[in-house]
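Given next are the chains, with one letter for each unit.
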Amino acid sequence: MSKLFETPEAIIAGISKGDQEAETAMIEKYGRALMYILEKRTGDKERAKDLQQETFLVVLQKLRREPLSDPTKLAAYLQNTAVNLHIGEIRKEVRRKTSPNSDYIEAIESSNNDAYRDLVNARSKVAVKQLLEELQNARDRKILTLYYIEEKDKVSICEILDLSHRHFDRVISRARSRFREIVESRKDEIPLEMTT
C-alpha cells in the first residue's frame, strides 16, 4: 500500500481527486476485513466476493462524487454498505420464494436461503440462541426456539405451549417481528477495524 494513502483521510481525499492509487489503497486496507464479515454473513465465499466487489463499486462511486464528512468513519461506511447490499439481496430472494411481507426469521426457514440457513446450522445455533435470549417475552423465546432451533412441527408446539392452531399463527408472527427488530438493531455492531 502506498505510504501516501495510509489513513482514511488521505484515501478519501485521493479518491475525490480521481487518484487510482487511493482507490487501490482502500481496497487493500479494507478488503480482507470486509471479506471476513461477508463470508460470515453469507456462508458462501463466492457470494461474499461478489458482495465485496459490489460494495467497493458503490462506495467508490459515492466518494468520487462526495467525500465523507467524517473520514474516520470510512470502515463503518464500507461495512454498512456491505450489510445493506446483503440485506437487499436477501429481500429479493425471499420475495421471489415467498410473499413481499416475508421477514428475516422466514429467511432462516428457507432451505434455499444461504444467507440465513447457516444461522441454524451447527456453527451458528449459538449466535441465534444468544439473539433469542434478548427477547423479553419468554413465550417468544420458547416458540422460536421450538420452531427454528429444535425444528418441532406446529402440532407439537401447540401441545407444548397449549395453543390453538390459529393462536399459534398470531403468536409466532409477533415473535418473528420482535426477533427481526433485534437482528436489525445488531447488524452494525462488528467494527470493521476489529477484524483487520
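The text that follows walks through the structure, step by step, so that each part is easy to find. Each chain carries its own residue numbering, running from 1 in the direction its sequence is written. Predicted model: local features are reported for residues with pLDDT of at least 70 only, side-chain atom pairs are reported and counted for 80 or more only, and whole-chain, interface and lining totals are derived from all residues. Think of the side-chain values as coming from all heavy atoms in the structure, minus any hydrogens and water.

**Notes on the nonpolar core**
Put simply, the rule is: Residue types Ala, Val, Leu, Ile, Met, Phe, Trp, Tyr and Cys, when buried and joined through side-chain atoms within 4.5 Å, form a set referred to as a nonpolar core. Between buried and exposed lies partly exposed: a residue is buried under 20% and exposed over 50% of the maximum accessible area for its type, with that area taken using a 1.4 Å probe on protein chains only. Helix and strand assignments follow DSSP, with helices taken as H or I runs no shorter than four residues and strands as E runs no shorter than two, numbered in order from the N terminus. By definition, residues are in contact when any of their heavy atoms lie within 4.5 Å.
One finds I11, I15, M26, Y30, L63, L74 and L78 to be the most contacted residues of the largest nonpolar core, which totals 22 residues. Looking at this core, the element that brings in the most residues is helix α2 (residues 20–42), giving 7 residues. For I11, the residues in contact, after removing those within four places along its chain, are F5, A22, A25, M26, K29, Y30 and L74. In this structure, L135, L144, I172 and A175 belong to the second largest nonpolar core, which totals 18 residues.

**Describing helix α1 (residues 8–16)**
Threshold: In this context, the arc is that of the directions from the helix axis out to the C-beta atoms.
Regarding α1, the residues found buried are P8, I11, I12, G14 and I15. On an axial view of α1, the arc spanned by its buried residues comes to 165°, and they lie on one face. The first or second residue beyond α1 is G18, which carries a positive phi of 85°.

**Focus on the pattern of salt bridges**
Selection criterion: A pair is scored as a salt bridge if a Lys or Arg side-chain nitrogen falls within 4 Å of a carboxyl oxygen belonging to Asp or Glu.
Counted under the stated rule, the structure contains 6 salt bridges. For R64, the salt bridge is made with E23, and the minimal N-O distance between the two is 2.9 Å. Of the two residues, R64 sits in helix α3 (residues 45–65) while E23 sits in helix α2, which places them 41 residues apart along the sequence. According to the relative accessible area criterion, E23 is buried, its value standing at 12%.

**Brief notes about the environment of Q61**
Tracing the chain through its elements places Q61 in helix α3. Between the C-alpha atoms of Q61 and S16, which are 45 residues apart in sequence, the distance is 9.6 Å.

**Points about the environment of Q52**
Examined against the element boundaries, Q52 turns out to sit in helix α3. Under the relative-accessibility criterion, Q52 is labelled buried at 15%. Residues Q52 and H86, 34 residues apart in the sequence, show an inter-C-alpha distance of 9.8 Å. The contacts of Q52, once residues within four sequence positions are left out, are G31, R32, L34, M35 and L38.

**Let's talk about the packing of α2 against α3**
Rules: To obtain an axis, a line is fitted to C-alpha atoms, over the contacting stretch when the element is a helix, and the angle between two such axes runs from 0 to 180 degrees between their N-to-C directions. For this classification, under 35 degrees means roughly parallel, over 145 means roughly antiparallel, 65 to 115 means roughly perpendicular, and everything else is oblique. By the definition used in this description, the sense in which the near helix is turned from the far one sets the handedness, with an anticlockwise turn below a right angle giving left-handed and a clockwise turn giving right-handed. Residues are grouped as follows: Ala, Val, Leu, Ile, Met, Phe, Trp, Tyr, Cys and Pro are nonpolar; Asp, Glu, Lys and Arg are charged; all remaining types, including Gly, are polar.
Two elements in contact, α2 and α3, have axes whose closest approach is 9 Å; the angle formed by their N-to-C orientations is 140°. Between α2 and α3, the angle is such that the two are oblique. α3 is crossed by α2, and the crossing has right-handed handedness. Here E23, M26, I27, Y30, G31, R32, L34, M35, L38, E39 and T42 of α2 lie close against α3, whose contacting residues are K45, R47, A48, K49, L51, Q52, T55, F56, V59, L60, L63 and R64. Split by residue class, the contact of α2 with α3 holds 12 nonpolar, 4 polar and 7 charged.

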